[in-house]
Amino acid sequence: MARRKKIYEGKAKDLFEGPEPGTLVQYFKDDATAFNAEKHDTIDGKGALNNILSEYFMNGLTQIGVPNHFIKRLNMREQLIRSCEIVPLEVIVRNYAAGSMSKRMGIEEGTQLPRPIVEFSYKDDALGDPLVPEEYIIALNWASQQDLDDIISLALRVNDFMSGVMYGVGIKLIDFKIEIGRVWEGDFMRLIVADEISPDSCRLWDIKTGEKLDKDVFRRDLGSLTDAYTEVARRLGVLPGNVANAPKPTIVH
Ligand code: UDP
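All figures in this text were calculated on a predicted structure; none of them were measured in a lab. (Residues numbered from 1 in each chain as written. Predicted model: local features only at pLDDT ≥ 70, side-chain atom pairs only at ≥ 80, totals over all residues. Heavy atoms only, no water.)

### Comments concerning the pattern of salt bridges
Rules: Any Lys or Arg side-chain nitrogen found within 4 Å of a carboxyl oxygen on Asp or Glu counts as a salt bridge. Helical segments are the DSSP runs of H or I of at least four residues, strand segments are the runs of E of at least two, and each set is numbered from the N terminus. A simple rule labels every residue: compare its accessible area, found with a 1.4 Å probe on the protein chains alone, to the largest value its type can have, and call it buried under 20%, exposed over 50%, or partly exposed in between.
Inspection of every chain in the model, using the stated rule, returns 30 salt bridges. Taking the shortest distance from any N to any O, the salt bridge between Lys29 and Asp14 comes out at 3.0 Å. Taken together, the residues span a long stretch of sequence, with Lys29 in the loop between β3 (23-28) and β4 (31-34) and Asp14 in strand β2 (residues 13-17) at a distance of 15 residues. For the pair formed by Lys29 and Asp14, the shared burial category is buried. Close ionic contact of Asp216 with Arg220 constitutes a salt bridge, the shortest N to O distance being 3.5 Å. Among the residues examined, Asp216 registers a relative accessible area of 1% and is labelled buried. In this structure Arg220 comes out as partly exposed when scored by relative accessible area, which is 33%. Salt bridges here are not isolated pairs; linked through shared partners, they connect Arg94, Arg104, Glu109, Glu119, Asp175, Arg203, Asp216, Arg219 and Arg220.

### Structural notes on the packing of aromatic side chains
Stated formally: Here is the rule: rings of Phe, Tyr and Trp (six-membered ring for Trp) pair when centre to centre is within 6.5 Å. Planes less than 30 degrees apart are stacked, more than 60 are edge-to-face, and the remainder are tilted. A ring is scored as having a charge over it whenever the NZ atom of a lysine or the CZ atom of an arginine sits within 6 Å of its centre and within 35 degrees of its normal.
For the coordinates displayed, the defined rule picks out three aromatic pairs. Plain terms: the ring middles of Tyr56 and Phe57 are 5.7 Å apart, the flat faces sit at 70 degrees to each other, and that makes the pair edge-to-face. Since its relative accessible area comes to 1%, Phe57 is described here as buried. Directly above the aromatic system of Phe218 lies the positively charged group of Lys39, at a separation of 5.0 Å from the ring centroid. A cation over a ring is seen here: Lys212 above Trp205, with NZ or CZ 4.6 Å from the ring centre.

### Notes on the site of the ligand
Let me state the cut-off plainly: If a single non-hydrogen atom of a residue is within 4 Å of a molecule or strand, that residue counts as near it. Under this definition, polar contacts are N or O atom pairs within 3.5 Å; protein pairs additionally need one hydrogen-donor-capable and one acceptor-capable atom, and for neighbouring residues in sequence, both atoms have to be side-chain atoms. By the convention adopted, Pro, Cys, Tyr, Trp, Phe, Met, Ile, Leu, Val and Ala count as nonpolar, Lys, Arg, Asp and Glu as charged, and the other residues, Gly among them, as polar.
Around the ligand, 15 residues are found, and the nearest of them are Arg94, Ser100, Asp175, Arg203 and Arg219. Contact distances for the ligand include 2.8 Å between an oxygen atom and a side-chain N or O atom of Arg203. Arg219 is positioned such that a nitrogen or oxygen atom in its side chain is 2.9 Å from an oxygen atom of the ligand. Going through the elements one at a time, β9 (89-96), α2 (99-105), β12 (171-185) and β14 (202-206) are the ones with two or more residues in the shell around the ligand. Looking at the shell around the ligand, its residues break down into four nonpolar, three polar and eight charged.

This is how it looks when you write it as structure tokens:
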């Protein structure tokens with residue numbers, strides 16, 4: 001791998017300087033974390049699977065005109081992306097109650113919601129990514145009302161796309177998280193889908209059996225995470241060869 005500057009080190013991904021201005025290389029690691037990184041493990045093949053799955057979903061979004069950061073996949077673990085300024089929010093869309101919503105509201109996991117719900121958490125590990133009302137976001141100037149409306153409509157488009165794609169392969173999209181970035185084109189600012197879309201950031205249940213095919217397998221010790229993600233990739237027809245032996249991270253100075 002050519003030597004290049006690391007821009008950001010995340011829990012599951014690193015970002016490197018890209019080959020051209022305005023681009024970055026996103027490197028998918030095999031690290032899995034949960035509960036604000038209290039639980040941590042290395043899972044062979046996870047990085048390569050998420051790289052290929054995120055490519056698949058972002059390309060699909062491009063096809064239907066949902067702007068996103070993806071440019072092209074470079075290899076098993078890396079993709080070229082557009083550099084953007086990340087809005088410090090986790091945008092969560094829920095179709096069925098699960099996880100923190102079930103806990104907070106006492107609604108049984110798997111209960112279908114009357115309509116998709118979009119909610120926001122403030123991306124701050126020290127605070128544990130707290131849920132934030134829209135009013136905070138506007139009052140604290142993280143996004144304008146117009147931005148928020150645009151973010152909600154992007155999130156709902158992603159939801160319809162992802163729900164449909166998953167339904168086609170016998171999987172129920174329970175909920176997911178996306179991140180949004182800002183890019184400037186001249187004087188215009190545009191909001192785009194950034195980060196990743198993968199089983200790390202979605203809840204995916206087999207429609208027939210209810211089997212979990214997402215990061216809850218790791219969070220809740222339900223079996224092999226690689227097997228679950230491999231099954232998602234297999235059903236979508238994007239299973240890469242030999243993911244467990246994809247090259248490991250290389251230290252770059
Ligand atoms: N999620 C995520 N990153 C986070 C928090 C949540 O990708 O830091 C995803 C999670 O995988 C699920 C959805 O967002 O698909 C809703 O998560 P929830 O709020 O229920 O939180 P959790 O139960 O994971 O703490």
